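# Structure assessment
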Amino acid sequence: MAHIVTLKPHPREDWLHQLADVITDPLQLLHFLALDNHPELRKGAEARALFPLRVPWSFAARMRKGDPLDPLLLQVLTAQDEFEVTPGFSVDPLDEQHSVVPGLLHKYHNRALLLVKGGCAVNCRYCFRRHFPYQDNQGNKSNWRQALDYIRQHPELDEIIFSGGDPLMAKDHELDWLISELETIPHVQRLRIHSRLPVVIPARITEALCQRLSQTRLRVLLVTHINHANEIDSELSESMARLRQAGVTLLNQSVLLRGVNDNASTLAALSNALFNAGVLPYYLHVLDKVQGAAHFLVSDEEARNIMKQLLSQVSGYLVPRLTREIGGEASKTLLDLQLLKRS
């Protein structure tokens, strides 16, 4: 039986405290949400052996108590379906497990991904890197120096993407060091940061981080990962406002997930909520076929039909690009070109 818990308030600026005090027991999360009496949900607790559960309290607080179909809960709760081995799914769906140097993926001509940190504040059950060998790509200065040397030797790289894990798991002083090093490389013009941490722990957007981003010569973009409008609250909106004031361009990418956001009205609500928070919808990814996540799959045909309906519900600038990433391809594959031409 899980221990009885209450949501503990944290000082807004104390993101490290919040990061250290997360829910790791599925039964504890179910108890907090008054879902103890759902045997199917409890049965899924065993899947934590496949991929650990991590949920910050600030994210759990946005879930609806007593609702086993809450869209935020479904993204993070362990499920028995994860044990199914599905043909066509793999542990490396994007063919990423061959970095050019430890922690650096040169996937596209002009941009490379630096895996700044291997951990995340929240473990999303559909994560395409849930099987990634982070032990061989550790986020430390030794590996960062090798990555920076590679970047210096490749003048075609004008954009570096901080990825992970979650790059904002790095402390402010570590990010300051990395940004300072990138600033010395003349051909690097843009820094893109892909992170879910500001969503699940908005306090991660500290004054020190905003100040550093406002001072760099690099053009900075932050790509949040928000799948449902219920993830957006006033604290998140305030954090996004501080980033905008620092001159950061804010974009969002989502994943189309069965049972979470697989209808046009839900996606329209998300796009409007994002725009109200100062974030522009960017990509809507179809599911990367990672082993253990097949129960989230929405077919390409259904995805296109949903996008067609979405086009009639929101303005064009609120429609994300429906896309798939294919390992080894020179760019993402857009799945909505014909729909957009007709719009």
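Placed above this text is the structure.
Owing to the predicted nature of the structure, the values given are computational and were not obtained by experimental measurement. (Residues numbered from 1 in each chain as written. Predicted model: local features only at pLDDT ≥ 70, side-chain atom pairs only at ≥ 80, totals over all residues. Heavy atoms only, no water.)

Right, let's talk about the overall build of the chain for a bit. Of the regular secondary structure elements, the chain holds 13 helices and 11 strands. Burial status across the chain gives 55% buried among its 343 residues. Entry remark: accessible area of the chain is about 14700 Å², with carbon and sulfur atoms responsible for 51%. (Helix = DSSP H or I, 4+ residues; strand = E, 2+ residues; numbered from the N terminus. Buried < 20%, exposed > 50% of the residue type's maximum accessible area, 1.4 Å probe, protein only. Areas by Shrake-Rupley, 256 points an atom, 1.4 Å probe, with all protein chains shown as cover.)

Turning our attention to the packing of helix α7 (residues 172-183) against helix α9 (residues 207-215). Remark: α7 packs on α9, axes separated minimally by 10 Å, with the N-to-C direction vectors making an angle of 5°. One element, α7, and the other, α9, form an angle in the roughly parallel class. Facing α7, whose interface residues are D172, L175, D176, I179, S180 and E183, α9 presents A208, L209, R212 and L213. Taken together, the residues of the contact of α7 with α9 break down into five nonpolar, one polar and four charged. (Axes fitted to C-alpha atoms, helices over the stretch in contact; angles between N-to-C directions. Parallel < 35°, antiparallel > 145°, perpendicular 65-115°, else oblique. Contact = heavy atoms within 4.5 Å. Nonpolar A, V, L, I, M, F, W, Y, C, P; charged D, E, K, R; others polar.)

Summed over the entire model, instances satisfying the criterion amount to five aromatic pairs. Seen from their ring centres, F32 and W57 are 5.4 Å apart, and the 85° between their planes marks the pair as edge-to-face. Residue F32 is located in helix α2 (residues 26-32), and its partner W57 is located in helix α4 (residues 57-60); the two are separated by 25 residues in the primary sequence. Given a relative accessible area of 4%, W57 falls into the buried group. The ring centre of F32 lies 4.5 Å from the NZ or CZ of K65, which sits over that ring. The cationic tip of R204 hangs over the ring face of W15; the distance from NZ or CZ to the ring centre is 4.0 Å. (Phe/Tyr/Trp six-rings, centres within 6.5 Å; stacked < 30°, edge-to-face > 60°. Lys NZ or Arg CZ within 6 Å of the ring centre and 35° of its normal.)

Here we take up helix α12 (residues 300-311). Residues lying three or four places apart along an α-helix face the same way, a consequence of the helix completing one turn every 3.6 residues. Under the 1.5 Å per step criterion, the end-to-end length of α12 is 16 Å for 12 residues, consistent within 8% with the ideal 16 Å. Regarding α12, the residues found buried are A303, I306, M307 and L310. When α12 is viewed along its axis, its buried side chains cluster within an angular range of 100° and face the same direction. Exposed positions of α12 whose direction lies more than 90 degrees from the buried face are E301 and K308. (Expected span 1.5 Å × (residues − 1). Arc of directions from axis to C-beta.)

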